[in-house]
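Observations on the three-dimensional arrangement
The primary structure of each chain is shown beneath.
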Amino acid sequence: MIELNADIGEGYDDAALMPYLSRVSIACGGHAGDAVSMTAALRLAAEHGVLVGSHPSYPDRTRFGRRPMAATDADVITWVTEQTEALAEQAVRLGLRLQHVKPHGALYNVAAQDMSVAAAIAGAVAAFDPALVLVGLSGSLLVEAGRAAGLAVLNEAFADRHYRASGQLVSRETAGAVLADPVQAADQALALAQGRAISTLDGGSRLIAADTLCLHGDTPDALNIARAVHAALNRG
């Protein structure tokens, strides 16, 4: 079965989702997170045998890292490195090792389309620990940059978000961007896992390669979505 992942340590009910997950990306000080929340998230993941990774972002708690910020490549490298290091330090104290890096929010979306930002992120990860896996939007420049930097990569797709026919995620500011119906999310997850085209919000369809599927704890009815997706994948 294809793995399910979620972004945690962001102030939502992470514990309820954990039984359905194989991998989690933990907020590490940019858009959310501090030493206490990072330690709690790491402990929770360890209890469930779930792989852990960092979830670095633009340093913008006010807007939860969901708006692009003007930044040089050096800025991006610093943010990714410092936030990942902060989580790694907490992990070492618990006898854990980070497995991956997945940018958050606007940084993730910008890196999907901007090679300069993508290369800065990939370079920062490779310099920090070349054994880390880089998680990025399926087919994006971030995935391409990760491969070019010699990193293992995971093409990520989303069970609970609508896509455009271009393969880009629909902005959260657009009506219908989030799939809040557990049945619809489960159907999309199964199609992605089976390599079938999904329907897009702009009336088209798109085939999206997926190594890992993301669920969001802040999606309405998140727990029932996780249950429905997990059950569909097990049946499929």
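In this text, all values refer to a predicted model and were calculated from it rather than measured experimentally.

Focus on the nonpolar core
The biggest cluster of nonpolar side chains holds 68 residues, and the ones touching the most others in it are Val24, Ile26, Ile121, Leu134 and Val229. For this core, the element with the most residues is helix H5 (residues 115-128), which contributes seven residues.

With respect to unusual backbone geometry
Here the phi dihedral of Phe64 falls at roughly 55°; this positive angle occurs in a residue that is not glycine. One non-glycine residue, Asp221, lies in the positive phi region at around 65°. If you trace the backbone, Asp221 turns up in the loop between strand S9 (212-216) and helix H8 (222-235).

A look at helix H7 (residues 182-193)
Residues separated by three or four positions in an α-helix point in the same direction, a consequence of the helix having 3.6 residues per turn. Its twelve residues place the ends of H7 16 Å apart at the C-alpha level, agreeing with the 16 Å of an ideal helix rising 1.5 Å per residue. Turning to H7, its buried residues are Pro182, Ala185, Ala186, Gln188, Ala189, Leu190, Ala191 and Leu192. As for H7, its buried residues are in contact with strand S6 (153-158), strand S7 (198-199), S9 and H8. Following H7 by one or two positions, Gly195 has its phi on the positive side, about 75°.

Topic: the pairing of strand S5 (residues 133-137)
Of all five residues making up S5, five are buried, and the element is well covered by its neighbours. Relative to S5, strand S4 (residues 100-101) runs parallel, the two being bridged by two bridges. From the neighbouring strand, His100 faces S5, where its bridge partner is Val133. Relative to S6, S5 runs parallel, the two sharing four bridges. Pairing of Gly136 across the sheet is with Asn155, part of S6. Viewed along the sheet, the connection from S5 through helix H6 (residues 141-148) into S6 turns out right-handed.

Observations regarding helix H2 (residues 35-48)
Counted at 1.5 Å a residue, the expected span for H2 with its 14 residues is 20 Å, and the 20 Å between its end C-alpha atoms agrees. By the burial criterion, the buried members of H2 are Met38, Thr39, Ala41, Leu42, Leu44 and Ala45. Contacts from the buried residues of H2 go to strand S1 (3-8), helix H1 (14-17), strand S2 (23-27), strand S3 (51-55) and helix H3 (73-93).

Some details on the packing of aromatic side chains
According to the stated counting rule, one finds two aromatic pairs in the structure shown. Ring geometry for Tyr58 and Trp79: centres 5.9 Å apart, planes at 75°, overall edge-to-face. Here Trp79 lies in helix H3 and Tyr58 lies in the loop between S3 and H3, a separation of 21 residues in the sequence. In terms of burial, Tyr58 and Trp79 fall into one category: buried. Relative to Phe158, the ring of Tyr108 has its centre 6.0 Å away and its plane inclined at 90°; by these criteria the two rings are edge-to-face. With Tyr108 in helix H4 (residues 105-113) and Phe158 in strand S6, this residue pair connects regions lying 50 residues apart in the sequence. Here the two residues Tyr108 and Phe158 agree in accessibility, since each one is buried. One Lys or Arg, Lys102, reaches over the ring of Tyr108 and ends 5.8 Å from the middle of that ring.

Procedures and definitions
Residues numbered from 1 in each chain as written. Predicted model: local features only at pLDDT ≥ 70, side-chain atom pairs only at ≥ 80, totals over all residues. Heavy atoms only, no water. Core = buried A, V, L, I, M, F, W, Y, C linked by side-chain atoms within 4.5 Å. Buried < 20%, exposed > 50% of the residue type's maximum accessible area, 1.4 Å probe, protein only. Helix = DSSP H or I, 4+ residues; strand = E, 2+ residues; numbered from the N terminus. Expected span 1.5 Å × (residues − 1). Contact = heavy atoms within 4.5 Å. Pairing = 2+ DSSP bridges. Right-handed = clockwise from strand over helix to strand, strands pointing away. Phe/Tyr/Trp six-rings, centres within 6.5 Å; stacked < 30°, edge-to-face > 60°. Lys NZ or Arg CZ within 6 Å of the ring centre and 35° of its normal.

The values reported here are purely geometric and, on their own, carry no functional implication.
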